[in-house]
Structures are given as C-alpha cells and as structure tokens.
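This is what each chain is made of:
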Amino acid sequence: QAHLVESGGGLVQAGGSLRLSCAASGRISAAMGWFRQAPGKEREFVCGISWIGGSEYYAVSVKDRFTISRDNIENTVTLDMNNLKPEDTAVYYCAAARSPVATEEREYDSWGRGTQVTVSS
C-alpha cells in the first residue's frame, strides 16, 4: 500500500481559497483522489487524477471551483480549492487507486488520515 500524508486545510471565509497537498510514498498507484466527509454524512468523491497522462475528473459539486494536479517527480498531489462554500466544510482525505480512473471509494486501497477544511459563512 501507499503511504499518504495530507497537509494544508484550515479555516477560511466563504468565497476564499485553500490548497491541500498529499505526499505519497511506498507502492506506486495508478491514480490519486480526494474524498471528503462532512459531519453526519458519508464520505464522498471530490476529484481524481491519473499519475500517467494526468487525466482529471471531478464531482459536479466542485467542478470549475477545484483543481487537482500532480507532481510525478515529487510524488505529490495538490488540490486547489477556490470560491469555497460553507457546504465544502469537511474532513478531506487523500487516497490512492489501482485504476487510472476511479471515482468509487471501493476502488481506493490507501488512505491518508485526513485534514479539516472549515468554511465560514
């Protein structure tokens, strides 16, 4: 399994921006993704990117506001979040998948511990 460590996150006002980073080590995966879990809700897919080719895919709720990118040399994945809304408040998790396109939680087999993002209104 890959070892994943998230960084970034914090408290921001609505309309603001935040950047999350994920450092990956260990077994090489085919894709990386970000999930989030709000209080009282199930964990949901946010976005993903394939290591080779860099194909990006997003949940409808974050498309055009969030951007995922990867650095194949540093083995890091970054999530830039803009125009944040209170409903984006959640714990954000970095995850690694064996398939190059993976949007389901069951497709990911390595997870970070998560980082809190709080958006105030």
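Please refer to the structure placed before this passage.
Conventions and cut-offs
Residues numbered from 1 in each chain as written. Predicted model: local features only at pLDDT ≥ 70, side-chain atom pairs only at ≥ 80, totals over all residues. Heavy atoms only, no water. Buried < 20%, exposed > 50% of the residue type's maximum accessible area, 1.4 Å probe, protein only. Helix = DSSP H or I, 4+ residues; strand = E, 2+ residues; numbered from the N terminus. Pairing = 2+ DSSP bridges. Core = buried A, V, L, I, M, F, W, Y, C linked by side-chain atoms within 4.5 Å. Phe/Tyr/Trp six-rings, centres within 6.5 Å; stacked < 30°, edge-to-face > 60°. Disulfide = S-S within 2.5 Å. Salt bridge = Lys/Arg side-chain N within 4 Å of Asp/Glu carboxyl O.

S.K.: Honestly, the pairing of strand E9 (residues 90-97) in this entry has me stumped. Any pointers?
M.R.: The two faces of the sheet receive side chains in turn, since in a regular strand these alternate between them. Most of E9 sits inside the fold, with seven of its eight residues counted as buried. Two strands pair when backbone bridges link them, and strand E4 (residues 31-37) and E9 are joined in this way by seven bridges, in the antiparallel orientation. In the strand pairing of E9, methionine 32 is matched with alanine 96. Across three bridges, the pairing between E9 and strand E11 (residues 115-120) is antiparallel. Looking across to E11, one finds that tyrosine 92 is bridged to threonine 115.

S.K.: Is there a simple way to explain the nonpolar core in this structure?
M.R.: For soluble globular proteins, nonpolar side chains are generally found buried alongside one another. Of all hydrophobic cores here, the largest spans 36 residues; its most connected members are Met32, Trp34, Met81 and Tyr92. At six residues, the largest contribution of residues to this core is made by E9.

S.K.: Please clarify how the packing of aromatic side chains should be interpreted in this entry.
M.R.: How two aromatic rings sit relative to each other is set out by the distance from centre to centre and by the angle between their planes. Tallied over the entire structure, the rule returns five aromatic pairs. Taking the centre distance of 5.0 Å and the plane angle of 80 degrees together, the rings of phenylalanine 35 and tyrosine 108 count as edge-to-face. Taken together, the positions of phenylalanine 35 in strand E4 and tyrosine 108 in strand E10 (residues 108-111) put the pair 73 residues apart, joining distant regions of the chain. Here the two residues phenylalanine 35 and tyrosine 108 agree in accessibility, since each one is buried. Ring-pair connections join several aromatic residues into one group, and the members of that group are Phe35, Phe45, Tyr57, Tyr108 and Trp111.

S.K.: Hey, could you run me through the state of the cysteines in this one?
M.R.: The final tally for this structure, using the stated rule, is one disulfide. Across a sulfur-sulfur distance of 2.0 Å, cysteine 22 and cysteine 94 are joined as a disulfide pair. Its S-S torsion of about -80 degrees marks the bond between cysteine 22 and cysteine 94 as left-handed, since a negative value means left-handed. Here cysteine 94 lies in strand E9 and cysteine 22 lies in strand E3 (residues 18-26), a separation of 72 residues in the sequence. When sorted by exposure, cysteine 22 lands in the same class as cysteine 94, which is buried.

S.K.: In this structure, what is going on with the pattern of salt bridges? I would like to understand it.
M.R.: Should the charged atoms of two oppositely charged side chains come close, the side chains can pair. Under the counting rule described, the total for this entry stands at seven salt bridges. A salt bridge links arginine 19 to aspartate 80; the nearest nitrogen and oxygen atoms lie 2.6 Å apart. Within this pair, whereas arginine 19 is found in strand E3, its partner aspartate 80 is found in strand E8 (residues 76-81), the two being separated by 61 residues in sequence. According to the relative accessible area criterion, arginine 19 is exposed, its value standing at 52%. Linking arginine 98 and aspartate 109 is a salt bridge whose minimum nitrogen-to-oxygen distance equals 2.7 Å. Note that arginine 98 is positioned in the loop between E9 and E10 and aspartate 109 in strand E10, a separation of 11 residues in sequence. Since its relative accessible area comes to 22%, aspartate 109 is described here as partly exposed.

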